[in-house]
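Survey of secondary and tertiary structure
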Protein chains: 2
Amino acid sequence: MKLTTKGRYAVQAMADIAAARGAEPVSLPEIADRQGISAGYLEQLFAKLRRAGLVDSVRGVAGGYRLARPAGAIRIGEIVDAVDEEIHTTACHGAAAGCQGAGARCLTHDLWDELGRHIELFLSTVSLEDVIDKRVIGTAAVNAPGGRHQDDWKPGAEV
Amino acid sequence: MKLTTKGRYAVQAMADIAAARGAEPVSLPEIADRQGISAGYLEQLFAKLRRAGLVDSVRGVAGGYRLARPAGAIRIGEIVDAVDEEIHTTACHGAAAGCQGAGARCLTHDLWDELGRHIELFLSTVSLEDVIDKRVIGTAAVNAPGGRHQDDWKPGAEV
DNA sequence: TTTATAGTTGACTAATTTAGTCGGGTTTCT
DNA sequence: AGAAACCCGACTAAATTAGTCAACTATAAA
């Protein structure tokens, strides 16, 4: 999995549809307007979301996109996976065992592996419904030890 | 916090020093050689690590860098913070409350906020010593629900 | 049947970020 | 003195991201 703003935009757009809660499809210009994302860019994202089976498209005059499943059955991790496709250029993509002739090279392999599992676990636990109903807070402790102020967190480029 | 290869390189280099476990400083060319990172690039990273008080430098002929504290007292989160400095260009950096005139804009704010806390919590839990002693595995469940295969995870660019 | 709406596709581009390189210093030990 | 190492800042090439654009296709309402 990969975390970029693309993934965040996709989740935002999906949340927008979910929040509408209607049976009638939501058009991209509507979403673009409400969420401040360019319509052209949304097209790209929704093409992938459709291919991943997360949304159904309705063409024609009153068309748009609709969630393919109830919001409670769509996990955030699926959305992120759908738009941020994996490219396997990893230096050490083997099992955590020997990993590139052992040595010091992959001392940290297990660490990032484990972090990845943490993130996947979290994102696969939260559903779209949880997000729009604001049932997300409180899963992790409020402050990490050390007493520093908790800032925003940014993956890829910027948040 | 931000997660890029820079942060991973820094952790890797710190782990290299920690793994040496000697009182005598480790030189950058040594680390560059063992970890496959260019020495010039390491200089940049170590300048920041030094400024953050994570390493002490020893100049002169047999000089190099040394951990400023025992490996058990250096948390991974500190290392990442030291090299991947924060830029606050966030659209909504306010509290999770209203956040940009309420509306649908920040439906997902809490989600990323919470994910950030998860990550910070995890990285602040693990010490450099844990990493070199391979005591990292097992904190998260091995598979997420859903049965998909767990792939690598990549933050910024590539892993 | 026309026409407008809306999705679909793919190519293209500008800006940003990342991951370095390079060259010249300065300090310190032998 | 001289070598080894750190220190600093400017520069750059590659990759990625975010976004634009134009042409095309399908659908439904008038």
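In this text, all values refer to a predicted model and were calculated from it rather than measured experimentally. (Residues numbered from 1 in each chain as written. Chains lettered and ligands numbered in written order. Predicted model: local features only at pLDDT ≥ 70, side-chain atom pairs only at ≥ 80, totals over all residues. Heavy atoms only, no water.)

What to know about the overall build of chain A
For clarity, the cut-off: Numbering goes from the N terminus for both helices and strands, where a helix is a DSSP run of H or I of at least four residues and a strand is a run of E of at least two. Classification of residues uses two cut-offs on accessible area relative to the type maximum, computed with a 1.4 Å probe and protein chains only: under 20% is buried, over 50% is exposed, and between them is partly exposed. The contact definition used throughout considers only heavy atoms, calling two residues in contact when any of these lie within 4.5 Å. Here the accessible surface of atoms and residues is derived via Shrake-Rupley with a 1.4 Å probe, and residues count as covered only by protein chains that are part of the display.
Within chain A, the regular secondary structure consists of six helices and two strands. Each helix and strand of chain A, placed in order from N terminus to C terminus, yields the pattern α-α-α-β-β-α-α-α. In chain A, which comprises 159 residues, the share counted as buried stands at 49%. Counted over contacts in chain A with a minimum sequence separation of 6, partners at least 24 positions apart contribute 63%. Approximately 7,400 Å² of chain A is accessible, and the part contributed by carbon and sulfur atoms is 51%.

Notes on the protein's contact with DNA strand D
Basically, it comes down to this: Whether a residue is near a molecule or strand depends on its heavy atoms: it is near if one of them lies within 4 Å of it. Residues adjacent in sequence count toward polar contacts only when both atoms are side-chain atoms; beyond that, a polar contact is any pair of N or O atoms within 3.5 Å, and within protein one must be able to donate a hydrogen and the other to accept it.
As a matter of local geometry, DNA strand D sits amid 23 residues, with A:Thr5, A:Ser38, B:Glu43, B:Gly64 and B:Tyr65 nearest to it. The sugar-phosphate backbone supplies 69% of the atoms of DNA strand D found within 4 Å of the protein. Between DNA strand D and the protein, one listed contact pairs a base oxygen with a side-chain N or O atom of A:Arg59 at 3.5 Å.

Quick look at unusual backbone geometry
Trans is the prevailing form of peptide bonds, just as negative phi is the prevailing case for residues other than glycine. Residue and element names in this part refer to chain A. The phi angle at Lys-134 is positive, at roughly 55°, despite the residue not being glycine. Take Lys-134: it is sitting in the segment after α6 (128-132). The exposure class assigned to Lys-134 is partly exposed, which follows from its relative accessible area of 41%.

Some details on the protein's contact with DNA strand C
Filter applied, for reference: Classes in brief: Ala, Val, Leu, Ile, Met, Phe, Trp, Tyr, Cys and Pro nonpolar; Asp, Glu, Lys and Arg charged; the others, Gly included, polar.
In the vicinity of DNA strand C, 25 residues are found, and the nearest of them are A:Val61, A:Gly64, A:Tyr65, B:Thr5 and B:Ser38. Near-protein atoms of DNA strand C (within 4 Å) split between backbone and bases, with sugar and phosphate holding 71%. A distance of 3.5 Å separates a phosphate oxygen of DNA strand C from a polar backbone atom of A:Gly64. The side chain of B:Arg59 places a nitrogen or oxygen atom 3.4 Å from a sugar or linking oxygen of DNA strand C. Those elements that provide at least two residues to the surface near DNA strand C are α3 (39-51), β1 (55-58) and β2 (64-67) of chain A together with α1 (5-20) and α3 (39-51) of chain B. Across the surface near DNA strand C, the residue classes tally to seven nonpolar, 12 polar and six charged.

A short note on the packing of α1(B) against helix α2 (residues 28-35) of chain B
Residue and element names in this part refer to chain B. Heads up, the condition is: Axes here refer to lines fitted to C-alpha atoms; in helices the fit is confined to the stretch in contact. Angles between the N-to-C directions go from 0 to 180 degrees. Every angle not falling under 35 degrees, over 145, or within 65 to 115 is termed oblique; those three ranges are roughly parallel, roughly antiparallel and roughly perpendicular.
Between α1 and α2, whose axes approach to 10 Å, the crossing angle comes to 110°. For the element pair α1 / α2, the angle class is roughly perpendicular. Across the interface between the two elements, Gln-12, Ala-13, Asp-16 and Ile-17 from α1 touch Ile-31, Arg-34 and Gln-35 from α2.

Section: the side chain of A:Glu78
Residue and element names in this part refer to chain A. Checked against the element boundaries, Glu-78 lands in helix α4 (residues 76-83). Residue Glu-78 is classed as buried on the basis of its relative accessible area, which comes to 19%. Filtering out sequence-adjacent residues up to four positions away, Glu-78 remains in contact with Leu-54, Arg-69 and Ala-73.

Digging into the confidence of the model for chain A
Counted only if it meets this: Confidence of the predictor at the level of single residues is given by pLDDT, which spans 0 to 100.
On average, chain A scores 74 in pLDDT, and the residues at 70 or more come to 70%. In the model, residues 141-159 of chain A has pLDDT below 50 throughout and makes 56 contacts with residues more than four positions away in sequence or in other chains.

Side note on the pattern of salt bridges
Residues and elements named next belong to chain A. Defined as follows: Any carboxyl oxygen of Asp or Glu that lies within 4 Å of a side-chain nitrogen of Lys or Arg is treated as forming a salt bridge with it.
Summed over the entire model, instances satisfying the criterion amount to 20 salt bridges over all chains. The closest approach of N and O atoms between Arg-34 and Asp-16, which form a salt bridge, is 2.6 Å. Taken together, the residues span a long stretch of sequence, with Arg-34 in helix α2 (residues 28-35) and Asp-16 in helix α1 (residues 5-20) at a distance of 18 residues. Residue Arg-34 is classed as partly exposed on the basis of its relative accessible area, which comes to 36%. Judged by relative accessible area, which is 2%, Asp-16 ranks as buried. Note that Glu-78 and Arg-69 form a salt bridge whose closest N and O atoms lie 3.0 Å from each other. Overlapping salt bridges bring together Glu-129, Asp-130, Asp-133 and Arg-135 as one network.

As for α4(A)
The buried fraction of α4(A) is high, at seven of eight residues. Among the structural elements, α1, α3, α5 (109-125) and α6 of chain A together with α5 (109-125) of chain B are those in contact with the buried residues of α4(A).

A word on the environment of B:Arg51
Following the sequence through the fold, B:Arg51 ends up in helix α3. Each C-alpha atom of the pair B:Arg51 and B:Asp16 lies 19 Å from the other, and the pair is 35 residues apart in sequence.

Re the environment of A:Gly63
All names here are of chain A. Looking at the secondary structure, you find Gly-63 in the loop between β1 and β2. Sequence separation of Gly-63 and Leu-111 is 48 residues, and the distance between their C-alpha atoms is 46 Å. Look past the residues within four positions of Gly-63 in its chain and what remains in contact with it is Pro-25, Val-26, Ser-27 and Val-58.

Considerations on the packing of aromatic side chains
Just so we agree on the cut-off: In this scheme Phe, Tyr and Trp rings, the latter by its six-membered ring, pair at centre separations within 6.5 Å, and the angle between planes marks the pair as stacked below 30 degrees, edge-to-face above 60, and tilted otherwise.
All told, the structure shown has four aromatic pairs over all chains when counted by the stated rule. Ring geometry for A:Phe46 against A:Tyr65: centres 4.7 Å apart, planes inclined by 35°, an arrangement best described as tilted. Highlighted residues: A:Phe46 in helix α3 and A:Tyr65 in strand β2, separated in sequence by 19 residues. The buried category is assigned to A:Phe46, whose relative accessible area is 0%. Between B:Tyr9 and B:Tyr41, the ring centres sit 6.0 Å apart and the planes meet at 90°, which makes this aromatic pair edge-to-face. Residue B:Tyr9 is located in helix α1, and its partner B:Tyr41 is located in helix α3; the two are separated by 32 residues in the primary sequence.

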